[in-house]
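Architecture at a glance
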Amino acid sequence: MATDYVKISDDEKGYDLSMFCVPKHYEDDLERVYIPHGLIMDRTERLARNIVNDFGYEEPIVALCVLKGGYRFFGDLLNYISALNRNTDRSFQMSVDFIRLKSYQVGQNDQQTGKIQVIGGDNLENLRGKNVMIVEDIIDTGKTMLKLLDLVKDYEPKKVRVVSLLVKRTPHSVGYRPEYIGFEVPNKFVVGYALDYNEFFRDLNPRLPNDTFTKYASEIKPP
Ligand code: HPA
Ligand code: MG
């Protein structure tokens, strides 16, 4: 079965910034409110339910957060999963691990190949023999996730599933699709809710319903 997701169409205009509360220091750099925070939360709640149903209740899972961009989605998703675990007679234990990756290009022009380097986090030995749920903020080309999956495979986990809040429709996609997708978004650059542009915009207020924005990368003027 193909993975279900909420599709944000190419002509989605989002919402006027002036309708929401936006931090003063970012006002000039943002274009529109793209996916309201409340919608992210509602979709995340449903992803949690799907994950809990699919993973079954019999075994513990290790939730692996891909830093830095995944941290807010990871927190919210795990809160919803924990709520389900509190409110059922069949629950499962969950532990959390973190991994920080750096992706970079090596080679010249058309011979470029992407590499990823693990630059921090827990020992991946923790994943050996476990059911693992990798949590990402966004799948863009998919190259980083394919490399991470390759890396994780070396530790022989029992089962690996990937959850990504966003998947971008981009011609540069290598065709990779995660098992769980929150939203499929147009080929635009998205910031907020821990997604950054050169480390800016991660700090949009978590409690406001307006903290995911879009802007073409070339138009962003970091403060
Ligand atoms: N926003 C933030 N980080 C990203 C994106 C994006 O659109 N694509 C890949 N990394
Ligand atoms: Mg990411």
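Refer to the structure above for everything that follows.
What counts and how
Residues numbered from 1 in each chain as written. Chains lettered and ligands numbered in written order. Predicted model: local features only at pLDDT ≥ 70, side-chain atom pairs only at ≥ 80, totals over all residues. Heavy atoms only, no water. Helix = DSSP H or I, 4+ residues; strand = E, 2+ residues; numbered from the N terminus. Buried < 20%, exposed > 50% of the residue type's maximum accessible area, 1.4 Å probe, protein only. Contact = heavy atoms within 4.5 Å. Donors = N, O, S within 2.8 Å, 3.2 Å for Na, K, Ca; no water. Arc of directions from axis to C-beta. Expected span 1.5 Å × (residues − 1). Near = heavy atom within 4 Å. Polar contact = N/O pair within 3.5 Å; in protein donor to acceptor, adjacent residues only side chain to side chain. 1 Å grid on protein atoms, 1.4 Å probe; cavity = no way out; pocket = protein on both sides within 12 Å on 5 of 7 lines; lining within 4 Å. Sits in = over half its atoms within 2 Å of the grid points. Nonpolar A, V, L, I, M, F, W, Y, C, P; charged D, E, K, R; others polar. Axes fitted to C-alpha atoms, helices over the stretch in contact; angles between N-to-C directions. Parallel < 35°, antiparallel > 145°, perpendicular 65-115°, else oblique. Left-handed = near helix turned anticlockwise from the far one by under 90°. Salt bridge = Lys/Arg side-chain N within 4 Å of Asp/Glu carboxyl O. Phe/Tyr/Trp six-rings, centres within 6.5 Å; stacked < 30°, edge-to-face > 60°.

**Here we look at the overall build of the chain**
Scanning the chain from terminus to terminus reveals three helices and 11 strands. From first element to last, N terminus to C terminus, the chain shows the α and β order β-β-β-α-β-α-β-β-β-α-β-β-β-β. Considering the chain as a whole, with its 223 residues, one finds that 43% of them fall into the buried category. Pairs at least 24 apart in sequence give 70% of the contacts found in the chain among residues at least 6 apart.

**Focus on the coordination of the magnesium ion (ligand 2)**
The coordination sphere of the magnesium ion (ligand 2) contains the protein donors Glu136 (OE) and Asp137 (OD), at a distance range of 2.1 to 2.2 Å. The pair formed by Glu136 and Asp137 is uniform in burial state, with each residue classed as buried.

**Examining helix H3 (residues 143-153)**
Owing to its 3.6 residues per turn, the α-helix brings residues three or four apart onto one side. Those residues of H3 not exposed but buried are Met145, Leu148 and Val152. Seen along its axis, H3 keeps its buried residues to an arc of 60°; they face one direction.

**Details of helix H1 (residues 37-55)**
Taking 1.5 Å per residue as the helical rise, H1 with its 19 residues ought to reach 27 Å, and the 26 Å between its terminal C-alpha atoms agrees with that figure. Those residues of H1 lying buried are His37, Ile40, Met41, Arg43, Thr44, Leu47, Ala48, Ile51, Val52 and Phe55. On its buried face, H1 sits against strand S1 (6-7), strand S4 (61-67), helix H2 (71-86), strand S7 (131-139), strand S8 (159-168) and strand S9 (180-185).

**Concerning the site of ligand 1**
Taken together, Ile138, Asp140, Lys168, Lys188, Phe189, Val190, Leu195 and Asp196 make up the full set of residues near ligand 1. Asp140 has a polar side-chain atom sitting 2.7 Å from a nitrogen atom of ligand 1. Separating a nitrogen atom of ligand 1 from a backbone N or O atom of Val190 is a distance of 2.6 Å. In this structure the site holding ligand 1 corresponds to the largest pocket. Considering only residue class, the shell around ligand 1 consists of four nonpolar, no polar and four charged.

**Here's the deal with the packing of H1 against H2**
Running from N to C, H1 and H2 cross one another at 50°; their axes reach a closest spacing of 9 Å. Our classification of the angle between H1 and H2 gives oblique. By crossing handedness, the relation of H1 to H2 is classed as right-handed. Of the residues in H2, those in contact with His37, Met41, Thr44, Glu45, Leu47, Ala48, Arg49, Ile51 and Val52 of H1 are Arg72, Phe73, Asp76, Leu77, Tyr80, Ile81 and Leu84. Taken together, the residues that form the contact of H1 with H2 break down as 10 nonpolar, two polar and four charged.

**Quick word on unusual backbone geometry**
Of note, the bond from Leu67 into Lys68 is cis; its omega dihedral lies within 30 degrees of zero at 0°. One can find Lys68 in the loop between S4 and H2. Even without glycine at this site, Phe201 takes up a positive phi of about 80°. By the element assignment, Phe201 lies in the loop between strand S10 (189-191) and strand S11 (213-215).

**Overview of the pattern of salt bridges**
On inspection of all chains with the given rule, the structure shows 12 salt bridges. Salt-bridge contacts for Lys158 lead to Glu59; the nearest nitrogen and oxygen are separated by 2.7 Å. Residue Lys158 is located in the loop between H3 and S8, and its partner Glu59 is located in the loop between H1 and S4; the two are separated by 99 residues in the primary sequence. Since its relative accessible area comes to 25%, Glu59 is described here as partly exposed. Lys153 is the partner of Asp150 in a salt bridge, and the nearest nitrogen-oxygen pair spans 3.7 Å. Here Asp150 pairs with Lys153, and both are found in helix H3, just three residues apart, close to one helical turn. Overall, the relative accessible area of 47% leaves Asp150 in the partly exposed class. What you see here is one network of salt bridges that share partners, running through Asp10, Arg169, Arg177 and Glu184.

**Thoughts on the packing of aromatic side chains**
For the structure shown, the criterion picks out three aromatic pairs. Their ring planes at 45° and their centres at 4.5 Å tell us that Tyr26 and Phe201 sit as a pair that is tilted. Of the two residues, Tyr26 is situated in the loop between strand S2 (15-16) and strand S3 (32-33) and Phe201 in the loop between S10 and S11; the sequence distance between them amounts to 175 residues. Tyr26 gets classed as buried once you look at its relative accessible area, which sits at 3%. The exposure class of Phe201 is buried, given its relative accessible area of 0%.

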